[in-house]
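Structure at a glance
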Amino acid sequence: MTLDEIGLEYGTDKSSKGHGYLRHYERVLAPLRNDEFTLIEIGGLNGASLQMWQEFLPSATIVCADINPNVKQFEGGRVRVEIGDSGAPEFLAQLAARYPSPRVILDDGSHRWDHQRIAFLKLSRCSRPAASTSSRTCTRATSRGSPAPTTCRSWSS
Ligand SMILES: C[S@@+](CC[C@H](N)C(=O)[O-])C[C@H]1O[C@@H](n2cnc3c(N)ncnc32)[C@H](O)[C@@H]1O
């Protein structure tokens, strides 16, 4: 199944029924599909995207950071949920200590640029970014030992 098909099944608004970002996410993430790595998603809401990632990435650990304590209920399987504010350096430091080498960081939380900036700076400090994309939703794929970012493109429609 494609990422969009899985997203439609779980009802995330990033699917082709909503913002239509999933075809872009898939282009970046398909080569990593069967790898074992940690993906951090800021913003879990009703768990739809967390379920989607768990199905699309069968060997990955999915870490969700969300300010809303209710999101904790979506923890289970390979999904972990950490409650905190992605704009708060102390929370980000705790997250970085617990998950030191995330390969993918996806920010779908507050949609504030200052939050996105500090989250990527704090969470990717142990990995060198291989590629980055930004728009209302930002994703940064990281890989140790790779050169500094070579691409930066907008996913805004
Ligand atoms: C757009 S929803 C996420 C949707 C989800 N990624 C999906 O595709 O199904 C935004 C989420 O970000 C969370 N959020 C908003 N501000 C935040 C912040 N400062 N830190 C962490 N999470 C935040 C909200 O509680 C909400 O669950």
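Throughout what follows, the structure given in this document is the object of discussion. (Residues numbered from 1 in each chain as written. Predicted model: local features only at pLDDT ≥ 70, side-chain atom pairs only at ≥ 80, totals over all residues. Heavy atoms only, no water.)

**Description of the overall build of the protein chain**
Along its length, the protein chain carries five helices and seven strands. Here the protein chain holds 157 residues, and the buried ones make up 48% of them. By sequence separation, contacts in the protein chain at least 24 residues apart represent 48% of the contacts at least 6 residues apart. Entry remark: accessible area of the protein chain is about 7,700 Å², with carbon and sulfur atoms responsible for 50%. (Helix = DSSP H or I, 4+ residues; strand = E, 2+ residues; numbered from the N terminus. Buried < 20%, exposed > 50% of the residue type's maximum accessible area, 1.4 Å probe, protein only. Contact = heavy atoms within 4.5 Å. Areas by Shrake-Rupley, 256 points an atom, 1.4 Å probe, with all protein chains shown as cover.)

**Concerning the environment of Ala65**
If you trace the backbone, Ala65 turns up in strand β2 (residues 61-66). Residues Ala65 and Arg80, 15 residues apart in the sequence, show an inter-C-alpha distance of 8.6 Å. Once residues lying within four places of it in the same chain are set aside, the contact partners of Ala65 are Glu41, Ile42, Gly43, Glu82, Phe91 and Leu95.

**Details of the packing of aromatic side chains**
Evaluated as defined, the whole model comprises two aromatic pairs. Between the aromatic rings of Tyr21 and Tyr25, the centroid separation amounts to 6.3 Å while the plane-to-plane angle is 40°, which identifies the pairing as tilted. Of the two residues, Tyr21 and Tyr25, neither departs from the other in class, the shared state being buried. Here the aromatic rings of Tyr25 and Trp53 are separated by 5.8 Å at their centres, their planes lie at 25°, and the arrangement is stacked. Here the residue Tyr25 occupies a position in helix α2 (residues 22-29), and Trp53 occupies one in helix α3 (residues 48-56), the gap between them amounting to 28 residues. Neither Tyr25 nor Trp53 differs from the other in exposure class; each is buried. (Phe/Tyr/Trp six-rings, centres within 6.5 Å; stacked < 30°, edge-to-face > 60°.)

**Focus on the packing of α2 against α3**
Interaxial distance between α2 and α3 falls to 13 Å at its minimum, and their mutual angle equals 35°. Handedness of the α2/α3 crossing: right-handed. Taking contact as the criterion, the partners of Leu22, Tyr25, Glu26 and Leu29 in α2 are, on α3, Met52, Trp53 and Phe56. Partitioning the contact of α2 with α3 into residue classes produces six nonpolar, no polar and one charged. (Axes fitted to C-alpha atoms, helices over the stretch in contact; angles between N-to-C directions. Left-handed = near helix turned anticlockwise from the far one by under 90°. Nonpolar A, V, L, I, M, F, W, Y, C, P; charged D, E, K, R; others polar.)

**Here's the deal with the pattern of salt bridges**
A full pass over the atoms with the stated rule returns six salt bridges. Here Asp35 makes a salt bridge to Arg103, at a shortest N to O gap of 2.9 Å. Taken together, the residues span a long stretch of sequence, with Asp35 in the loop between α2 and β1 (38-42) and Arg103 in the loop between α4 (89-98) and β4 (104-107) at a distance of 68 residues. The exposure class assigned to Arg103 is partly exposed, which follows from its relative accessible area of 25%. Via salt bridges that share partners, Asp13, Lys14 and Asp108 belong to a single interconnected network. (Salt bridge = Lys/Arg side-chain N within 4 Å of Asp/Glu carboxyl O.)

**Some points on the environment of Tyr25**
The class for Tyr25 is buried, based on a relative accessible area of 3%. Through-space distance from the C-alpha of Tyr25 to that of Leu3 is 8.1 Å; in sequence the pair is 22 residues apart.

**Some details on the pairing of β4**
Residues of β4 alternate between two faces, with Val104 and Leu106 on one and Ile105 and Asp107 on the opposite face, all of them buried. The sheet contact formed by β1 and β4 spans four bridges and is parallel. Paired with Glu41 across the two strands is Leu106, which belongs to β4. (Pairing = 2+ DSSP bridges.)

**Focus on the site of the ligand**
Neighbouring residues of the ligand: 18 residues in total, closest Thr12, Asp66, Asp85, Ser86 and Asp108. Within the contact set of the ligand, an oxygen atom lies 2.7 Å away from a side-chain nitrogen or oxygen of Thr12. Between the ligand and Leu45 there is a distance of 3.0 Å, counted from an oxygen atom to a backbone nitrogen or oxygen. With the chains in place, 86% of the 600 Å² that the ligand exposes on its own is no longer accessible. Here the residues of the shell around the ligand are counted per class, giving three nonpolar, ten polar and five charged. (Near = heavy atom within 4 Å. Polar contact = N/O pair within 3.5 Å; in protein donor to acceptor, adjacent residues only side chain to side chain.)

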